[in-house]
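Read off the chains here:
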Amino acid sequence: EEARQQAKRRHLAARQRNMLQAMAARQQSFMGMAADADDSEEEQDGETAALCCDVCREPASAYRPVCLLAHSVKSNVLQRLVQHVDFAKESPSVSSCGHVMHMDCFQRHREHCKRHMSRQDIFVLSRPPLGCVHCPMCRAIVSIALP
């Protein structure tokens, strides 16, 4: 009986080793294919990819640059962290969701939100503060567009 259990354990251990080796081989194969794909994309492009507007999906240009959506508020965190007289009581604090838009797309979005903000809706708690809008991609609060 015990010999049979030991044989079964050896069989299961060998099976586990084979499965792990097969998985390691598949991982290596996948990593090789991913590296080859990255190399071929870099060879085809030859240059860095231009940023694209998250709304209209058109690339940035000198005439239509994209801006980073951000939210700016006054904060006293800097003064509390660094006890120094040079820092004002309140200083600007900027955070961003990371989405980018053309400036004209942002202005259109902001105007659209202003027109529809006056409507009475049941989502009063989700309304952004005055002068702010929601990011059209992730609904984060946005008050400025940084060039």
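From a predicted model like this one, the values you see are computed outputs, not experimental measurements.

### A word on the environment of K74
Right, so step 1: The residue K74 is located in strand β1 (residues 66-75) in this model.
Right, so step 2: Placed 20 residues apart in sequence, K74 and V94 show a C-alpha to C-alpha distance of 8.8 Å.
Right, so step 3: For K74, the residues in contact, after removing those within four places along its chain, are E90 and S91.

### Some words on the pattern of salt bridges
Pairs can form between side chains of opposite charge once their charged atoms are near each other.
Right, so step 1: Applying the stated criterion across every chain yields a total of five salt bridges.
Right, so step 2: Salt-bridge contacts for R57 lead to D54; the nearest nitrogen and oxygen are separated by 3.6 Å.
Right, so step 3: Between R64 and D104 there is a salt bridge; the shortest N-O distance is 3.2 Å. Here the residue R64 occupies a position in the loop between α1 (2-45) and β1, and D104 occupies one in helix α3 (residues 103-117), the gap between them amounting to 40 residues.
Right, so step 4: Each of E58, R64, D104 and R108 takes part in a single network of salt bridges with overlapping partners.

### Regarding the side chain of S143
Right, so step 1: Along the chain, S143 falls in the loop between β4 (141-142) and β5 (144-146).
Right, so step 2: A distance of 3.0 Å separates a polar atom in the side chain of S143 from the backbone nitrogen of S72.
Right, so step 3: Sequence-distant contacts of S143, that is, excluding residues within four places in its chain, are made with A70, H71, S72, R110, G131 and C132.

### Comments concerning the pairing of β1
Right, so step 1: Judged from the nine bridges that link them, β1 and strand β2 (residues 91-102) form a sheet pairing that is antiparallel. Residue pairing across strands places L68 opposite V100, the latter belonging to β2.
Right, so step 2: Looking at chain direction, β1 and β5 are connected through three bridges and run antiparallel. Bridge pairing in β5 places L69 opposite A145.

### What to know about the sheet that holds β1
Right, so step 1: Across the sheet, three strands lie side by side as β2-β1-β5; this open sheet has antiparallel pairing. Edge positions in the open sheet fall to β2 and β5, since each of these has one partner strand only. For this sheet the average axis-to-axis angle between neighbouring strands, irrespective of direction, equals 40°.

### Details of the nonpolar core
Right, so step 1: By size, the foremost hydrophobic cluster in this structure holds 13 residues, and its most contacted members are C53, L69, M101, F106, V133, V142 and A145.
Right, so step 2: Among the elements of the structure, β1, β2 and α3 are those that each provide at least two residues to this core.

Reading the values: rules and limits
- Residues numbered from 1 in each chain as written.
- Predicted model: local features only at pLDDT ≥ 70, side-chain atom pairs only at ≥ 80, totals over all residues.
- Heavy atoms only, no water.
- Helix = DSSP H or I, 4+ residues; strand = E, 2+ residues; numbered from the N terminus.
- Contact = heavy atoms within 4.5 Å.
- Salt bridge = Lys/Arg side-chain N within 4 Å of Asp/Glu carboxyl O.
- Polar contact = N/O pair within 3.5 Å; in protein donor to acceptor, adjacent residues only side chain to side chain.
- Pairing = 2+ DSSP bridges.
- Axes fitted to C-alpha atoms, helices over the stretch in contact; angles between N-to-C directions.
- Core = buried A, V, L, I, M, F, W, Y, C linked by side-chain atoms within 4.5 Å.
- Buried < 20%, exposed > 50% of the residue type's maximum accessible area, 1.4 Å probe, protein only.

By themselves, these figures tell us nothing about what the structure is for.
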